[in-house]
Amino acid sequence: NAGVTQTPKFRVLKTGQSMTLLCAQDMNHEYMYWYRQDPGMGLRLIHYSVGEGTTAKGEVPDGYNVSRLKKQNFLLGLESAAPSQTSVYFCASSYSMALDQPQHFGDGTRLSIL
Amino acid sequence: AQKITQTQPGMFVQEKEAVTLDCTYDTSDPSYGLFWYKQPSSGEMIFLIYQGSYDQQNATEGRYSLNFQKARKSANLVISASQLGDSAMYFCAMRDEDMRFGAGTRLTVKP
């Protein structure tokens, strides 16, 4: 009963380094999302995907790229990490974007950029 | 523009008492959904309760209920009979054309 799994759980990067965060869901959900959580700001949507092979920008997309090559996986990439990207990153998925569909979240990835 | 407002950064409640966490929202869309999530210190986001804009009755899930006042655009979460395990961050969220989250309220339950 895994649900949404994020890897890694923690990571420390130096400014300018690149990395990819992996999100995998086993609920056969069409929709997947990447959020960042910062103190006092709640969750903000970075990018989302409405299905395999499709992605779209959210509220704060700059500095990030995403890919959805397989339905169950949604990757978040940082090409050149900056200290402003220090945050906790959450992946979520949902069956649809209907108003009553909750999003199911992973446990988060804590990322620090030095 | 801020769509979701949680005005209480922190709240304290005595064990076994009820507590209300405030949430107001802003939308011009007549169709929307309201959600509450719990985030314990371990970090995961746990879905608690949902209320639709057309629902006539307040949603309830066990000890959680949602006090929905549509004209005031408020969707307060009520937790009855608080338990120590209820200590966590609580986030209100609204979905209309997209999903937006409030800044959260940290609830501490005192023994």
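See the structure printed just above.
Note that this is a predicted model, so its numbers are computed, not measured.

Rules behind the numbers
Residues numbered from 1 in each chain as written. Chains lettered and ligands numbered in written order. Predicted model: local features only at pLDDT ≥ 70, side-chain atom pairs only at ≥ 80, totals over all residues. Heavy atoms only, no water. Contact = heavy atoms within 4.5 Å. Buried area = accessible area lost by both parts, 1.4 Å probe. Salt bridge = Lys/Arg side-chain N within 4 Å of Asp/Glu carboxyl O. Helix = DSSP H or I, 4+ residues; strand = E, 2+ residues; numbered from the N terminus. Nonpolar A, V, L, I, M, F, W, Y, C, P; charged D, E, K, R; others polar. Buried < 20%, exposed > 50% of the residue type's maximum accessible area, 1.4 Å probe, protein only. Polar contact = N/O pair within 3.5 Å; in protein donor to acceptor, adjacent residues only side chain to side chain.

## A closer look at the interface of chain B and chain A
At the junction of the two partners, chain B supplies 19 residues and chain A supplies 21 residues. Roughly 1,500 Å² is buried in total at the junction of chain B and chain A, and carbon and sulfur atoms are behind 58% of that figure. Remark: the boundary between chain B and chain A carries one salt bridge. Linking Arg100(B) and Glu59(A) is a salt bridge whose minimum nitrogen-to-oxygen distance equals 3.8 Å. Examining the composition of the side of chain B that touches chain A, we find that four residues originate from one element, strand E5 (residues 33-39) of chain B, more than from any other. Among the residues forming the side of chain B that touches chain A, the class breakdown is ten nonpolar, five polar and four charged.

## With respect to the side chain of Thr109(A)
Residue and element names in this part refer to chain A. Summarising the element assignment, Thr109 is placed in strand E11 (residues 109-113). A residue is classified by how much of its surface remains accessible, and Thr109, at 0% relative accessible area, is buried. Reaching out from Thr109, the side chain makes a polar contact with the side chain of Gln6 at a distance of 3.4 Å. Here the side chain of Thr109 touches Pro8 through a polar contact of 2.6 Å, landing on its backbone oxygen. In contact with Thr109, not counting residues within four places along its chain, are Gln6, Pro8, Lys9, Leu21, Ser87, Val88 and Tyr89.

## Some remarks on the environment of Ala81(A)
Residues and elements named next belong to chain A. Mapped onto the fold, Ala81 is located in the loop between strand E8 (73-78) and strand E9 (87-94). With relative accessibility at 1%, the residue Ala81 sits in the buried group. Between the C-alpha atoms of Ala81 and Gly42, which are 39 residues apart in sequence, the distance is 21 Å. Contacts of Ala81, omitting those with residues within four sequence positions, involve Leu13, Lys14, Thr15, Gly16, Gln17 and Ile113.

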